[in-house]
Amino acid sequence: MGEKNTYEKIYDIVRQIPKGYVATYGQVAALAGNNRWARVVGYALHVNPDPKGIPCYRVVTKEGRVSPAFAFGGSNEQVRLLQEEGVEFINGHVNMEKFQWPAGLF
């Protein structure tokens, strides 16, 4: 029961990431209520029940790396989806200074 609650909190945050922005696993975890949930965010996104409604491709590592285990078509698909929204990559990483969603950042 608690796990579903945690996943729902994570999905609620991911739904809020605006088009053309990314958030980190840790950022989503903190916004969902526990900054130690970064790994849990990864688990939740891997079993995303609604890939069209929950844009898990907008979640990247703190270095701006895409997931090598992106569950919905691989890392190339994640890069393609982000580039379609105008997100720019530098040397294979998202330009975090320009494209990181500012929510929850100090």
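Because the structure is a prediction, the values reported are computed rather than measured. (Residues numbered from 1 in each chain as written. Predicted model: local features only at pLDDT ≥ 70, side-chain atom pairs only at ≥ 80, totals over all residues. Heavy atoms only, no water.)

Student: Please provide a residue-by-residue account of the packing of aromatic side chains, values included.
Tutor: Tallied over the entire structure, the rule returns 1 aromatic pair. Arranged with centres 6.2 Å apart and planes meeting at 70°, the rings of Tyr7 and Tyr11 form a pair that is edge-to-face. Placement of both Tyr7 and Tyr11 in helix α1 (residues 2–16) is noted, with a separation of 4 residues, approximately one turn of the helix. Of the two residues examined, Tyr7 and Tyr11, each falls in the buried class. (Phe/Tyr/Trp six-rings, centres within 6.5 Å; stacked < 30°, edge-to-face > 60°. Helix = DSSP H or I, 4+ residues; strand = E, 2+ residues; numbered from the N terminus. Buried < 20%, exposed > 50% of the residue type's maximum accessible area, 1.4 Å probe, protein only.)

Student: Which residues make up the nonpolar core, and what values go with them?
Tutor: Judged by nonpolar contacts, the single largest core of 19 residues is most densely connected at Ile10, Val14, Ile17, Val28, Val41, Leu45 and Val59. With 5 residues, the single largest contributor to this core is α1. Filtering out sequence-adjacent residues up to four positions away, Val14 remains in contact with Val28, Leu45, Ile54, Pro55, Cys56 and Val59. Counting 11 residues, the second largest nonpolar core, distinct from the first, contains Val22, Val60, Phe89 and Phe99. (Core = buried A, V, L, I, M, F, W, Y, C linked by side-chain atoms within 4.5 Å. Contact = heavy atoms within 4.5 Å.)

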